[in-house]
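The primary structure of each chain is shown beneath.
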Amino acid sequence: MARLPVPGSDDDTWGDILNEFLAVSHDTDGTLLAAPTITGAVQQSLFDAKGDLLVATANDTAAKLPVGSNGQVLTADSTQATGVKWATPAAGGVTTPGVYPLTEYGLVGLSASVDAFRGTDLLFGALFARIFVPAGTAITAVGTVIYASGTVGAGGLNGVAVYSDAGTLLSSSVSDNTMYQTTGWVFKPLSATIPAQGADRFVYGAISSFGYSAQPSIQYVVTDPAIVAGGGYLVSSHYRSFGNVYAAAWPASVDPTTGGSLGSELPLIALA
């Protein structure tokens, strides 16, 4: 093994020992030798830009996959040489993480990301919120979260409903004057299940509170929906409040894009 000469010893062999040591990393002209390589090792020169990924194209064969565009996701594709590709997420809400689908919560859809509802306000009248429903999903109930319970007085239309994106009543619950008297999640089953459809769709989830002498309060997103990014379901024209208009019964149709009034707090309305 090459070594440096030892002072006080190696008489008459210093030059040979030193040359042997230098020859490990230098050519005979004094230039450095090329960097050693390890058979089978991945070389840094394979990568060219931030985000490049190392993928396998075959047994014991590696290749570079360049980074995709902003917003794309890595997708398995056996037709590609690398077996994967960068692709734009399919329609259906997956471009907005945390919003939907919400199967981990046992929900079909929600009016916004479940962690966005950090404010509370009184629930008075009928509230409509546009909600995404994935293909192949039936709707059986509508709910919300009661932050502070209310006290029922004369009673009225206290229940839930679902309207089509065009504003046609699809189904509603039986009115229950006691539904806002306890805190936490409250769900009311629809009188008729809304069947699943073969394509993604939007509907309007609606909740109503009337005839309470002390109004309950529910969770809200305390942000003007017009400035919340999100594919259409949080656009300002897709959340309306209808005051005392529907105190007796849900109408057969509404215009949820222009009817009622626009609020600045998006209510938590969930579909199940």
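Please refer to the structure higher up on the page.
Scope of this entry: the structure provided in the associated data block.

Definitions and cut-offs
- Residues numbered from 1 in each chain as written.
- Predicted model: local features only at pLDDT ≥ 70, side-chain atom pairs only at ≥ 80, totals over all residues.
- Heavy atoms only, no water.
- Salt bridge = Lys/Arg side-chain N within 4 Å of Asp/Glu carboxyl O.
- Helix = DSSP H or I, 4+ residues; strand = E, 2+ residues; numbered from the N terminus.
- Buried < 20%, exposed > 50% of the residue type's maximum accessible area, 1.4 Å probe, protein only.
- Phe/Tyr/Trp six-rings, centres within 6.5 Å; stacked < 30°, edge-to-face > 60°.
- Polar contact = N/O pair within 3.5 Å; in protein donor to acceptor, adjacent residues only side chain to side chain.
- Contact = heavy atoms within 4.5 Å.
- Core = buried A, V, L, I, M, F, W, Y, C linked by side-chain atoms within 4.5 Å.
- Patch = residues over 30% accessible without salt bridge, like charges linked within 9 Å, V, L, I, M, F, W, Y side chains within 5 Å.
- Areas by Shrake-Rupley, 256 points an atom, 1.4 Å probe, with all protein chains shown as cover.

### Describing the pattern of salt bridges
In a structure, side chains of opposite charge can pair up when their charged atoms sit close to one another.
In step 1: Counted according to the given criterion, the structure contains four salt bridges.
In step 2: For the salt bridge of Arg 130 with Asp 165, the shortest nitrogen-to-oxygen distance reads 2.7 Å. Of this pair, Arg 130 sits in strand β7 (residues 125–133) while Asp 165 sits in the loop between β10 (159–164) and β11 (169–172), placing them 35 residues apart in sequence.
In step 3: Residue classification places Arg 130 among the buried positions, given a relative accessible area of 11%.
In step 4: Between Asp 176 and Lys 188 there is a salt bridge, and its shortest N-O distance comes to 2.6 Å. Within this pair, whereas Asp 176 is found in the loop between β11 and β12 (184–194), its partner Lys 188 is found in strand β12, the two being separated by twelve residues in sequence.

### Quick word on the packing of aromatic side chains
In step 1: Tallied over the entire structure, the rule returns six aromatic pairs.
In step 2: For the ring pair Phe 128 and Trp 250, a centre distance of 6.1 Å and an interplane angle of 75° mean the geometry is edge-to-face. Highlighted residues: Phe 128 in strand β7 and Trp 250 in the loop between β16 (239–241) and β17 (266–267), separated in sequence by 122 residues.
In step 3: Among the residues examined, Phe 128 registers a relative accessible area of 0% and is labelled buried.
In step 4: Considering the side-chain rings of Trp 185 and Phe 187, the 5.3 Å spacing of their centres and the 15° angle between planes classify their relative orientation as stacked.
In step 5: The exposure class of Trp 185 is partly exposed, given its relative accessible area of 45%.
In step 6: Among the aromatic side chains, those forming a connected cluster through ring pairs are Phe 128, Tyr 163 and Trp 250.

### Some points on the side chain of Ser 171
In step 1: Within the secondary structure layout, Ser 171 lies in strand β11.
In step 2: Within the local environment of Ser 171, its side chain forms a polar contact with the backbone oxygen of Ala 192, the two atoms lying 2.7 Å apart.
In step 3: For Ser 171, the contacting residues outside a window of four places in its chain are Ala 161, Val 162, Leu 190, Ser 191, Ala 192 and Ile 194.

### Some thoughts on the nonpolar core
In step 1: Ile 139, Val 142, Val 162, Ile 207 and Leu 271 are the most contacted members of the largest nonpolar core, which totals 32 residues.
In step 2: When residues of this core are traced back to their parent elements, those giving at least two are β7, β8 (139–148), β10, β12, β13 (201–209), β15 (217–221) and β18 (270–271).
In step 3: Every residue in contact with Leu 271, bar those within four places of it in the chain, is listed here: Leu 107, Val 108, Gly 109, Ile 131, Val 133, Ile 139, Ala 141, Val 142, Val 162, Val 203 and Gly 205.
In step 4: Core analysis: the next-biggest nonpolar cluster, separate from the first, contains eleven residues, Ala 126, Tyr 204, Tyr 246 and Trp 250 among them.

### Let's talk about a nonpolar patch on the surface
In step 1: Together, Leu 4, Phe 21 and Leu 22 line one region of the surface with nonpolar side chains, adding up to about 250 Å² of accessible area.
In step 2: The residue Leu 22 is located in helix α1 (residues 14–22) in this model.
In step 3: Under the relative-accessibility criterion, Leu 22 is labelled partly exposed at 37%.

### Quick notes on the side chain of Thr 144
In step 1: Structurally, Thr 144 is set in strand β8.
In step 2: For Thr 144, a relative accessible area of 1% corresponds to the buried category.
In step 3: A distance of 2.6 Å separates a polar atom in the side chain of Thr 144 from the backbone oxygen of Leu 268.
In step 4: Leaving out residues up to four positions away in the same chain, Thr 144 has contacts with Gly 184, Trp 185, Val 186, Ile 207, Ile 218 and Leu 268.

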